[in-house]
Amino acid sequence: MKAKPKQSETRALATTALAKKQSAIARAYQAQMQQMHAALVSEKRGWDSYYEAVDRVVSEKLYVADGYDSAREWLAEHVSDPERTALRYARVARLASPEEIAKYTPTKIDLALSIRDARAAKDAKKKGVELERSSATKGIDLKAQRYEVLREDARVKVDLEEARTPELRAILGTFSSASRKRPPSESAVCVALRAALREGAEWEGVTVSERDSALTISGFRPDQVKALAALLSAAAKSAG
């Protein structure tokens, strides 16, 4: 008659089986994460390749081969983005890798480059020297960038991945002489919504900004969407 396994042996076998199952799950998870990242990088690699080509056509004036007199004319006919957007994206594609574009997004990289250039221009002005034209074409160590931002009434330093797009835009705005002379004009809806957000403690950390007649609301939770929509509707009504 075959002896039954001891209770300790049974527990050991169960523990080993569980460990193997958890290890298999971990391997499957890592494989899917790698696949997702590879797909994202592949998508951004195509984006990067496209705008690298745009950059070369514009910077080397290759558009003359097709009868165009200016980059503006060529961009208007061959690139769907507005001219300024296309040129910003072209710079990002030239100076950042597809992996960096996938990690940080083109918009945040463009803002990081613009802040870098604005800081360099400010330092050059203080020293009374002329800024090298080549500085705007130099690469940037995106991992090393740090930004001081206001969160929950405290000044904190964040890296580019942690920084929010409105925060980066606000930092860039401080370098504009025009913005220091007069506050930027905001719509009545933006002013009313900001005032409403200040009144409720539940809206702490939620911010609203306006740029080019477009509102950006950030920092709210998914469960606050309905209440936020009601606030926005009320702000629109009060603005008349």
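All residue numbers here refer to positions counted from 1 along the written sequence of the relevant chain. Under the rules for a predicted model, residues below a pLDDT of 70 receive no local features and side-chain atom pairs below 80 are neither given nor counted, while totals for whole chains, interfaces and linings still include all residues. Side-chain metrics rest on all non-hydrogen atoms present in the structure, leaving aside hydrogens and water.

1. Concerning the overall build of the chain
Helix and strand counts for the chain come out as nine helices and four strands. Order of helices (α) and strands (β) in the chain, N terminus to C terminus: α-α-α-α-α-β-β-α-α-α-β-β-α. Taken across its 240 residues, the chain has 27% of its residues classed as buried. Should any heavy atoms of two residues lie within 4.5 Å, those residues are considered in contact. If you take every contact in the chain between residues at least 6 apart in sequence, the share linking residues at least 24 apart comes to 49%. Only the protein chains shown count as cover for residues, and the accessible areas themselves come from Shrake-Rupley with a 1.4 Å probe. When the accessible area of the chain is evaluated, it comes to approximately 16,700 Å², of which 53% is carbon and sulfur surface. The helix and strand labels rest on DSSP assignments: H or I over at least four residues marks a helix, E over at least two residues marks a strand, and numbering proceeds from the N terminus. Relative accessibility thresholds used throughout: buried, under 20% of the residue-type maximum; exposed, over 50%; partly exposed, between the two (1.4 Å probe, protein chains only).

2. A word on unusual backbone geometry
Notably, K61 is not glycine yet its phi reads approximately 55°, a positive angle. Note on placement: K61 falls in the loop between α1 (7-59) and α2 (71-78). Given the relative accessible area of 54%, K61 is considered exposed. The phi dihedral of T105 falls on the positive side, at around 80°, and the residue is not glycine. With respect to the helices and strands, T105 occurs in the loop between α4 (98-104) and α5 (106-127).

3. Remarks on the pairing of strand β3 (residues 207-211)
The side chains of a regular strand alternate, first on one face of the sheet and then on the other. Only strands joined by at least two bridges in the DSSP assignment are considered to pair. Pairing analysis gives five bridges linking β3 to strand β4 (residues 214-218), with the strands arranged antiparallel. Residue pairing for β4: V208 is matched across the bridge by I217. Linkage of β3 to β4, two consecutive antiparallel strands, is achieved through a turn of two residues, within which D212 is found at a positive phi near 55°.

4. Some details on the nonpolar core
Here the nonpolar core consists of buried residues drawn from Ala, Val, Leu, Ile, Met, Phe, Trp, Tyr and Cys, with membership extended through side-chain atoms lying within 4.5 Å. Ranked by internal contacts, the top residues of the largest apolar core, which has 33 residues, are V54, W74, I109 and Y147. The set of elements that each furnish at least two residues to this core consists of α1, α2, α3 (83-95), α4, α5, β1 (146-151) and α6 (165-173). Beyond its immediate chain neighbours, meaning those up to four positions away, Y147 contacts A112, I115, R119, V156, K157, V158, D159, L160, A163, L168 and I171. Membership of the second largest hydrophobic core comes to 10 residues, among which are A196, L197, W203 and V208.

5. A short note on α2
All of the buried residues along α2 are A71, W74 and L75. Buried residues of α2 fall within an arc of 100° about the axis and therefore sit on the same side. In α2, the exposed residues that point more than 90 degrees away from the buried face are R72, A76 and E77. Within this analysis, the arc is defined by the directions that extend from the helix axis to the C-beta atoms.

6. Let's talk about the environment of W203
Within the element layout of this structure, W203 appears in the loop between α8 (188-199) and β3. With relative accessibility at 6%, the residue W203 sits in the buried group. On a C-alpha basis, the gap between W203 and F220 in space is 7.5 Å, while along the polypeptide they are 17 residues apart. Among residues more than four places away in sequence, those in contact with W203 are A196, L197, Q224, A227, L228 and L231.

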